[in-house]
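Residue strings, one per chain:
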Amino acid sequence: DQPRSRGLGDVYKRQEENYEEEIADEYNFEKSIFLGTNFQLGIPLGKFGENIDYTGWGFGGNVMWKFKKDVPVYGGIDFSFQNYDFKAITEVTFDFEEYETKTKNSIVLSHVQIRFYPEVDFFLHPYVEGMIGVKSLLTRTILTDKTDGADDQINSQFENSDFALSLGGAIGFEIPISKKYLFLDVRCSYLKGNSGEYYVRKEDDSVFLNPIDVFEIKNSATDLLVPQIGIKFLIGFGNKNDEEYYDENDSYDEEEY
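Scope of this entry: the structure provided in the associated data block. (Residues numbered from 1 in each chain as written. Predicted model: local features only at pLDDT ≥ 70, side-chain atom pairs only at ≥ 80, totals over all residues. Heavy atoms only, no water.)

## As for the overall build of the protein
Then step 1. Scanning the protein from N- to C-terminus turns up three helices and ten strands.
Then step 2. Starting at the N terminus, the α and β elements of the protein follow one another as α-β-α-β-β-β-β-β-β-β-β-β-α.
Then step 3. Classification of the 257 residues of the protein by burial places 33% in the buried group.
Then step 4. Partitioning the intrachain contacts of the protein with sequence separation of at least 6 by distance along the chain shows that 67% fall at a separation of at least 24.
Then step 5. Carbon and sulfur atoms form 53% of the exposed surface of the protein, whose accessible area is close to 15,600 Å². (Helix = DSSP H or I, 4+ residues; strand = E, 2+ residues; numbered from the N terminus. Buried < 20%, exposed > 50% of the residue type's maximum accessible area, 1.4 Å probe, protein only. Contact = heavy atoms within 4.5 Å. Areas by Shrake-Rupley, 256 points an atom, 1.4 Å probe, with all protein chains shown as cover.)

## Quick notes on the packing of aromatic side chains
Then step 1. Scanning the entire structure with this criterion turns up eight aromatic pairs.
Then step 2. When the ring of phenylalanine 34 is compared with that of phenylalanine 183, the centres are 6.3 Å apart and the planes differ by 65°; the resulting orientation is edge-to-face. One end of the pair, phenylalanine 34, is in strand 1 (residues 29-44); the other, phenylalanine 183, is in strand 7 (residues 182-193), with 149 residues separating them in the sequence.
Then step 3. Classification of phenylalanine 183 as buried rests on a relative accessible area of 6%. (Phe/Tyr/Trp six-rings, centres within 6.5 Å; stacked < 30°, edge-to-face > 60°.)

## A few points about the side chain of serine 189
Then step 1. Looking at the element boundaries, serine 189 is found in strand 7.
Then step 2. A residue is classified by how much of its surface remains accessible, and serine 189, at 2% relative accessible area, is buried.
Then step 3. Ignoring sequence-local partners within four residues, the contact set of serine 189 consists of Met131, Gly169, Ala170, Leu224, Leu225 and Val226.

## Focus: unusual backbone geometry
Then step 1. In this structure, phenylalanine 96 takes a positive phi of about 60° despite not being glycine.
Then step 2. You can see phenylalanine 96 is positioned in the loop between strand 3 (71-92) and strand 4 (98-116).
Then step 3. A relative accessible area of 69% means that phenylalanine 96 is categorised as exposed.

## Some thoughts on the pattern of salt bridges
Then step 1. The tally for this structure, following the rule as stated, stands at ten salt bridges.
Then step 2. Across the pair glutamate 129 and arginine 115 runs a salt bridge, and its minimum N-O distance is 2.6 Å. One end of the pair, glutamate 129, is in strand 5 (residues 125-145); the other, arginine 115, is in strand 4, and 14 residues separate them in sequence.
Then step 3. In this structure glutamate 129 comes out as buried when scored by relative accessible area, which is 6%.
Then step 4. A relative accessible area of 1% places arginine 115 in the buried class.
Then step 5. Each of Asp78, Arg115, Glu129, Glu174, Asp185, Arg187 and Lys232 takes part in one network of salt bridges that share partners. (Salt bridge = Lys/Arg side-chain N within 4 Å of Asp/Glu carboxyl O.)

Structure representation (structure tokens):
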């Protein structure tokens, strides 16, 4: 009986050590939020894509929090900025001063998001998401002093700005990079938008005095496909002590040993 008792004791000790390591890998904050940042493309679809023959690019970010402790549903706010087509001209004065006038088109995306993680036993963490918000369609002309390598903005004005309601969803997956604190996030969103006004490049853009002259106003639905890749990391508040965390997560039955 004595060797058997020692064997059971060793098994219990190993189980306890493994459990302690498992607990150490889990974040044990009373409250936590997730912050994300990403690089993304903006692919116009439908009539929007026919008018804008250009794939936008930009950067975004979001903040998310869990609605309920034991439910894999998160809410958050998603924000991004995308550049599209632009036209720039440079002028040099008799005093050899150099000025650039640039007209550029961009879209600002702002959405509220609801994300659900289905339970899967896999290293990838897939999710589905619903989104609702607005697309801000902007065209701006900027005058910049480029003399001797300077990049000083002199003047800026909005040529046009319009808003379109945006509604859609996303699918994606996350891969843990550093325990439970850092994740690679890959996502693709489809965002259907109602009609809005925006500038597009004219078919004949060879004759112009100012950069805005190569663009014209169009109006259509604003459907958009947004593939992206980024990282998500955890920020925790109110770290629990070990004793409290063990009490809440203890699943071992000592009577078995």
